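# A closer look at the structure
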Amino acid sequence: MSNIAIWVKVKVKPEGLDKFLHAIEVDALGSEADEPGCLRFNVLQDAADELTYYFYEVYEDEAALDAHRQAPHYAVWSAARDTLDGDIEITRTATVFPSDQGYWSKG
């Protein structure tokens, strides 16, 4: 079974940018530091639109993804959703390369 990879796209309201950046930094850094099942959490800014951001998240399995959604740093991110302009676009994928063993291990 492959890891679970999530590709998320959000657009941020200009007046909410600082709050958004703080919240997503707390979530991303907390996810990688405190969640053994979170293998990657990258935050990327669109090169053509400075208010569009992408998150690339990789989890070991469904239990790790569920644990992420229960973590305190996820609550910080969730509380900042009022900074978003429109819906969150989520694409759920499975990893192909690197293989599951290619993702760094926390254990």
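Structural notes, computed from the coordinates. Note that this is a predicted model, so its numbers are computed, not measured. (Residues numbered from 1 in each chain as written. Predicted model: local features only at pLDDT ≥ 70, side-chain atom pairs only at ≥ 80, totals over all residues. Heavy atoms only, no water.)

## Quick notes on the pattern of salt bridges
Cut-off, in case you're wondering: For this analysis, a salt bridge means a side-chain nitrogen from Lys or Arg found within 4 Å of a carboxyl oxygen belonging to Asp or Glu. For the purposes of this entry, the term helix denotes a DSSP run of H or I that reaches at least four residues, the term strand denotes a run of E that reaches at least two, and both are numbered from the N terminus. Each residue's exposure class comes from its accessible area (1.4 Å probe, protein chains only) as a fraction of the maximum for that residue type: buried when under 20%, exposed when over 50%, partly exposed otherwise.
Considering all chains together, one arrives at four salt bridges under this definition. Ionic pairing is found between lysine 11 and aspartate 49, a salt bridge with its closest N-O pair at 2.5 Å. With lysine 11 in strand S1 (residues 4-11) and aspartate 49 in the loop between strand S2 (38-45) and strand S3 (52-59), the pair connects residues that are 38 residues apart, well separated along the chain. Judged by its relative accessible area of 31%, lysine 11 is partly exposed. Its relative accessible area of 24% is what places aspartate 49 among the partly exposed residues. Glutamate 62 is the partner of arginine 92 in a salt bridge, and the nearest nitrogen-oxygen pair spans 2.3 Å. Here glutamate 62 lies in helix H2 (residues 62-70) and arginine 92 lies in strand S4 (residues 89-94), a separation of 30 residues in the sequence. Since its relative accessible area comes to 33%, glutamate 62 is described here as partly exposed.

## Quick word on the sheet that holds S4
For clarity, the threshold we go by: Strands qualify as paired when DSSP identifies two bridges or more between them. Convention adopted: a line fitted to C-alpha atoms gives each axis, helices being fitted over their contacting stretch, and angles between N-to-C directions are expressed from 0 to 180 degrees. Here, two residues are considered to be in contact whenever any of their heavy atoms come within 4.5 Å of each other.
Overall, antiparallel pairing links the four strands, which are arranged S2-S3-S1-S4 in an open sheet. Every other strand in the sheet has two partners, leaving S2 and S4 as the edge strands with one partner each. Across the sheet, the mean angle separating the axes of adjacent strands is 15 degrees when strand polarity is ignored. The pairing of S2 with S3 spans seven bridges and is antiparallel. What sits directly across from glutamine 45, in S3, is tyrosine 53. Helix-sheet contacts for H2 involve S1, S2, S3 and S4, and the interaxial angle to S3 is about 130 degrees.

So far we have only geometry, and geometry alone does not tell us how the molecule works.
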